Amino acid sequence: MEPKEESSQNILGCPSETSLAGRASVCEGCPGQMLCQSQGLVDPDQEYIDIRMKPIKHKILVLSGKGGVGKSTVAALLSQTLARKHKVGVVDLDICGPSMSKLMGVESQEIINTQYGWKPLSSNHNGIKVMSVASMLQSKESSVIFRGPRKTGLIKRFLKDTFWGQLDYLICDTPPGTSDEHLTVVKILKSTNPDGAVIVTTPQQVALATIRKEINFCRKMRLPIIGLLENMSSFVCPCCEEVNEIFSSGGVEKLADEYGIAFLGTLPFDPRFTRCCEEGSNPVELFPDSPSIQKLANLISQIERRIDTP
Ligand code: SF4
């Protein structure tokens, strides 16, 4: 519905999060006005995206403030753990640095276009369905050089044109930060109520500083935060399987307290998982006794409790 001009007169600050984006009187003369106006329009694809997304019970975004905190590995581990009992899909929204095809062992598969839409890749990790731009590239060395609108278009196609079918969980692995990919996915999932975001971080100060921005982004976009997950603050000894601290722990929990959000727990780094990531094998099945896998089970129960699963 077109916004009424009278109400736009009352807007004082930048209304970028509202339907008046680019149309309020304060927008006159703003260099971003044309872009905001185009984003404020009703998206004709939304109806079709909703049709694809409605049969999926839970949609969870995995976010991180900065790169190198193990976000994609955590997204893969959460999916592999959930897939033991549920039907799971993973969409790799890291358009310029996709890694999910490798982690899920579907690198050799190609995306097939069927009469129902794109057929997602099928991982032998309990049948997880995967979509990633990596499977559209001519070679492993090919780079994706997309500007914002092309990234947005591809993300929309991943959700609209992929035949996901009925899933219990769709895990959205996002790139670090708060950019086009995040804005796009949050906006287009809004009408089908995503469960929220799991924010992954390591405990160093530099990582924690960026997490504050991520939390503010979620709040601004009204995306629920399921909780914070502390990754790689400790490691599992390859000889005795004891968990040893690498960094001082506790900073993430304190930050969660400060913002009044849930602290989901810590996930120790198990060096054996590195080989799994490189081979595309499933650490949840290969190392069920690893302390990291046991912690994952706790993390999943915490997440399930918070997103209200039966
Ligand atoms: S045009 Fe400028 S002021 Fe208006 S919503 Fe966009 S960024 Fe904000």
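Note that the coordinates shown come from a computational prediction; the quantities given were computed from them, not determined experimentally.

**Comments concerning unusual backbone geometry**
Despite not being glycine, Asn193 has its phi angle at roughly 50°, a positive value. Within the element layout of this structure, Asn193 appears in the loop between helix H7 (180-189) and strand S8 (196-201). Phi angles above zero are rare outside glycine, and Met232 is one such case at about 60°. Among the structural elements, Met232 can be located in strand S9 (residues 225-236). Residue Met232 is classed as buried on the basis of its C-beta count, with 22 C-beta atoms lying within 10 Å.

**A few points about the site of the ligand**
Taken together, Cys14, Pro15, Ser16, Ala21, Gly22, Val26, Cys27, Cys30, Gly32, Gln33 and Cys36 form the complete shell of residues around the ligand. In the shell around the ligand, the residues fall into seven nonpolar, four polar and no charged.

**Details of the pairing of strand S1 (residues 58-64)**
Counting buried positions along S1 gives seven out of seven residues, so the element sits mostly inside the fold. Judged by which residues are buried, S1 turns out to be covered on both faces: His58, Ile60, Val62 and Ser64 on one side and Lys59, Leu61 and Leu63 on the other are all buried. Looking at chain direction, S1 and strand S7 (residues 169-173) are connected through five bridges and run parallel. Bridge pairing in S7 places His58 opposite Tyr169.

**Points about the pairing of S7**
A regular strand places its side chains on the two faces of the sheet in alternate fashion. Counting buried positions along S7 gives five out of five residues, so the element sits mostly inside the fold. Burial of the side chains of S7 extends over both faces: Tyr169, Ile171 and Asp173 are buried on one face and Leu170 and Cys172 on the other. The pairing of strand S2 (residues 88-92) with S7 spans five bridges and is classified as parallel. When the bridges of S7 are listed, Gly89 appears paired with Leu170.

**Some remarks on the nonpolar core**
By size, the foremost hydrophobic cluster in this structure holds 68 residues, and its most contacted members are Val62, Ile171, Val198 and Ile199. Sorting elements by how many residues they give to this core places helix H4 (residues 71-82) first, with six residues. Contacts of Ile171, omitting those with residues within four sequence positions, involve Ile60, Val62, Ala75, Leu78, Ser79, Val88 and Val90.

**Concerning the domain arrangement of the chain**
Split into domains, the chain comes out as domain 1 (5-40) and domain 2 (46-306). Computed from C-alpha coordinates alone, the two centres of domain 1 and domain 2 are separated by 33 Å.

**Looking at the packing of helix H6 (residues 148-160) against H7**
Contact pair H6 / H7: the axes reach a minimum separation of 9 Å and the direction vectors enclose 40°. When the interaxial angle is binned, H6 and H7 end up oblique. Along this stretch, H6 crosses H7, giving a crossing that reads as right-handed. In contact with Gly148, Lys151, Thr152, Ile155, Lys156 and Leu159 of H6, H7 contributes Asp180, Glu181, Thr184, Val185 and Ile188. Residues of the contact of H6 with H7, tallied by class, amount to four nonpolar, three polar and four charged.

The rules behind the values
Residues numbered from 1 in each chain as written. Predicted model: local features only at pLDDT ≥ 70, side-chain atom pairs only at ≥ 80, totals over all residues. Helix = DSSP H or I, 4+ residues; strand = E, 2+ residues; numbered from the N terminus. Buried ≥ 20, exposed ≤ 12 C-beta atoms within 10 Å, placed from the backbone. Near = placed C-beta within 6 Å. Nonpolar A, V, L, I, M, F, W, Y, C, P; charged D, E, K, R; others polar. Pairing = 2+ DSSP bridges. Core = buried A, V, L, I, M, F, W, Y, C linked by C-beta atoms within 7 Å. Contact = placed C-beta atoms within 7 Å. Domains from an automatic or database assignment. Axes fitted to C-alpha atoms, helices over the stretch in contact; angles between N-to-C directions. Parallel < 35°, antiparallel > 145°, perpendicular 65-115°, else oblique. Left-handed = near helix turned anticlockwise from the far one by under 90°.

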